[in-house]
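# Residue-level structure breakdown
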Amino acid sequence: MEERELEVVPGLAGIPAAESAISFIDGEKGILEYRGIPVEVLTEKSNFLEVSYLLIFGKLPTQEEVNKFKTDINFHSRLKLKIVRMMEHLPENGHPMEYLQSVSSAMGMYYPAKNVLDTDVRYWSIVRLIAKLPTIVASSNRLRHGDAPLQPNNDLSFAANFYYMLFERVPDPLTEKILDVMLILHADHTMNASTFSARVVGSTLADPYTIVASAIGTLSGPLHGGANEEVIHMLEEIGSKEDVRPYIEKKLEKKEKIMGVGHRIYKTKDPRAIILQTFAHQLFESNASKKGKVLEIAEEVEKVVHEKLGHKKIYPNVDFYSGIVFQGLGIPTDLFTPIFAMGRVTGWLAHWLEQLKTNKIYRPDQKYIGLHNQPYIPIDDRN
Ligand SMILES: CC(C)(COP(=O)(O)OP(=O)(O)OC[C@H]1O[C@@H](n2cnc3c(N)ncnc32)[C@H](O)[C@@H]1OP(=O)(O)O)[C@@H](O)C(=O)NCCC(=O)NCCS
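Model, not experiment: these values are computed from the prediction.

With that out of the way, let us pick up the overall build of the protein. If you tally the helices and strands in the protein, you get 16 helices and three strands. Relative to a compact globule of 383 residues, whose C-alpha radius of gyration would be 21 Å, the protein shows 22 Å and is just as compact. Taken across its 383 residues, the protein has 51% of its residues classed as buried. Split by element, the accessible area of the protein, about 19,000 Å² in all, is 53% carbon and sulfur. Separation of charge centres in the protein, based on 44 positive and 49 negative side chains, amounts to 2 Å.

Laid out in structure tokens, this is it:
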């Protein structure tokens, strides 16, 4: 049997999976834009909810539009008692990403959104998902440690409220700003694995809760969102600046990957890593003695990696510095990726809406390399 000649591109690298007007990366120059606006400008002048509006609805909101969006989000930030009860029964040693995925999926049963062609259904599920993810993350963390979840404090900003629900205290202005920047920087990043997953599931006209649950699952892998946790484990394992070089050399000898460096698209330093590195310095300077050592080790890792892998254009990606900044803020390591998801949900939802505009179900091809016309061997004759 003749197979059609097909070229398989591993990881679909370089294959456009859709036309998109949401975010743009120039991997050689280190540029990232949302709807044409550089992320550096957005992290300086905007805030996460305004950026979410920009990504999802395609334009910067007017004051009236942003006020309504914020009011709607605040109104939907609480969790139903039944959802909290459900979370209480999940295993305490479950990963917060597993909580987040399970609860996002279950939300589809409480807020039916099957008619994805209905504009109202779309709007209110977008609002609910953005609003409730932080409450789920904070509540799952508290429940896993034996504490009662806290109700959202809607007098606070989106970022500050998340911090409040986690720690039962209001963050200082620098902490609030850094958390907000963190959400902005994770909000979208072109056709990455979880966004592709969201578009594939969206293309089947599945409901948005299913789409987000699928994308959260995709994000949980260490080669995607999970890398920031791995970076912290690596820096802790290294322990001191002097031990960086032998550690990196040994890893490379064993052909193991260094976590938090390298990127499919960026062939220079990830612009998000540059922004976060600056904030890491501000954070540790304001809080001198505490975690500065981790930043010192990290910067040495960056130096040695540049020396050893610079010729392969391997530079720090966002996960390299996001883990360090999260740790500096006192955020538990296993919440790093769930917070990434709290930001990225806006990108997933923006891609979902864009996918629906010109939808065609994803159904790629394959190159079959198996056998044909094989005999059925009776069980007693098999070895
Ligand atoms: C992100 C990642 C999966 C991109 O992979 P990719 O685009 O498929 O790149 P490749 O794996 O083809 O890498 C190209 C070369 O650089 C090397 N390389 C890439 N990332 C590396 C890393 N983190 N450590 C050491 N070497 C690395 C590869 O071994 C390969 O070398 P070779 O050409 O000699 O075989 C990869 O860089 C990685 O695993 N990084 C660590 C995990 C991480 O930080 N993920 C978060 C991404 S935001």
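Additional details are given in the paragraphs that follow.
With that settled, the discussion passes to the site of the ligand. For the ligand, the set of nearby residues contains 16 residues, the closest of which are I258, G260, V261, R264 and K312. With respect to the ligand, the backbone of L223 contributes an N or O atom lying 3.4 Å from a nitrogen atom. Between the ligand and G260 there is a distance of 2.9 Å, counted from an oxygen atom to a backbone nitrogen or oxygen. Here the ligand has 870 Å² of accessible area as a free molecule, and 67% of this is covered by the chains. Looking at the shell around the ligand, its residues break down into seven nonpolar, five polar and four charged.

Per the counting criterion, the structure on display carries 11 aromatic pairs. Between Y111 and Y209, the ring centres sit 6.5 Å apart and the planes meet at 35°, which makes this aromatic pair tilted. Of this pair, Y111 sits in the loop between α5 (96-110) and α6 (119-144) while Y209 sits in helix α10 (residues 208-219), and the two are 98 residues apart along the sequence. The pair Y111 / Y209 is uniform in exposure class, with both members buried. Joined through ring pairs, the aromatic side chains of Y53, F57, F69, Y123 and W124 make up one cluster.

Here we come to the pattern of salt bridges. The final tally for this structure, using the stated rule, is 16 salt bridges. The partner of K29 in a salt bridge is D26, and the shortest N-O contact between them spans 3.9 Å. Its relative accessible area of 63% is what places K29 among the exposed residues. Here E256 and K254 are joined by a salt bridge, their closest N and O atoms 3.9 Å apart. In this structure K254 comes out as exposed when scored by relative accessible area, which is 53%.

By the element assignment, S322 lies in helix α15 (residues 318-328). If we skip the residues at most four places from it in the chain, S322 touches M182, H186, N228 and L276.

Taking every second residue as pointing to the same face, the buried face of strand β2 (residues 31-34) carries L32 and Y34, while none of I31 and E33 on the other face is buried. Sheet topology note: the strand β1 (residues 23-26)/β2 ladder contains four bridges and is antiparallel. Of the residues in β2, the one forming a bridge with S23 is Y34. Following β1, the chain reverses through four residues before pairing antiparallel with β2; G30 in that reversal takes a positive phi of roughly 75°. Strand direction decides the pairing type here: β2 and strand β3 (residues 37-38), joined by two bridges, are antiparallel. Residue pairing in the sheet places E33 in a bridge with P38 of β3. The turn joining β2 and β3, which pair antiparallel and follow one another in sequence, is formed by two residues; a positive phi near 50° is taken by R35.

Each value, and the rule that gives it
Within each chain, residue numbers correspond to sequence positions counted from 1 in written order. Local features in a predicted model are, by the rule used here, given only for residues with pLDDT of at least 70; side-chain atom pairs are given and counted only at 80 or more, and totals for whole chains, interfaces and linings are based on all residues. Only hydrogens and water are removed before side-chain values are computed, so all heavy atoms of the structure are retained for them. Here a helix means four or more residues in a row that DSSP labels H or I, a strand means two or more in a row labelled E, and each is numbered from the N terminus. Radius of gyration here is computed from C-alpha atoms only, and the compact-globule reference equals 2.2 Å multiplied by the residue count raised to the power 0.38. Note on classification: 1.4 Å probe, protein chains only; a residue is buried when its accessible area is under 20% of the maximum for its type, exposed when over 50%, partly exposed between these limits. The Shrake-Rupley method, run with a 1.4 Å probe, gives the accessible areas here. Residue values count only the displayed protein chains as cover. Positive: Lys, Arg. Negative: Asp, Glu. His and the chain ends are not part of the count. Working definition for charges: the position is that of NZ of Lys, CZ of Arg, CG of Asp or CD of Glu. Note on terminology: near, applied to a residue and a molecule or strand, indicates that one of the residue's heavy atoms is within 4 Å of it. Whenever two N or O atoms come within 3.5 Å, that pair is a polar contact, provided that in protein one can donate a hydrogen and the other can accept it, and provided that, for residues adjacent in sequence, both atoms are side-chain atoms. Any residue that is not Ala, Val, Leu, Ile, Met, Phe, Trp, Tyr, Cys, Pro, Asp, Glu, Lys or Arg is counted as polar, Gly included; the first ten are nonpolar and the last four charged. For Phe, Tyr and Trp, where Trp contributes only its six-membered ring, two rings pair if their centres lie within 6.5 Å, and the inter-plane angle classes them as stacked under 30 degrees, edge-to-face over 60, or tilted in between. We define a salt bridge as a side-chain nitrogen of Lys or Arg found within 4 Å of a carboxyl oxygen belonging to Asp or Glu. Working rule for contacts: check all heavy atoms of both residues, and any pair within 4.5 Å makes them a contact. Two strands form a pair only when DSSP identifies at least two bridges running between them.

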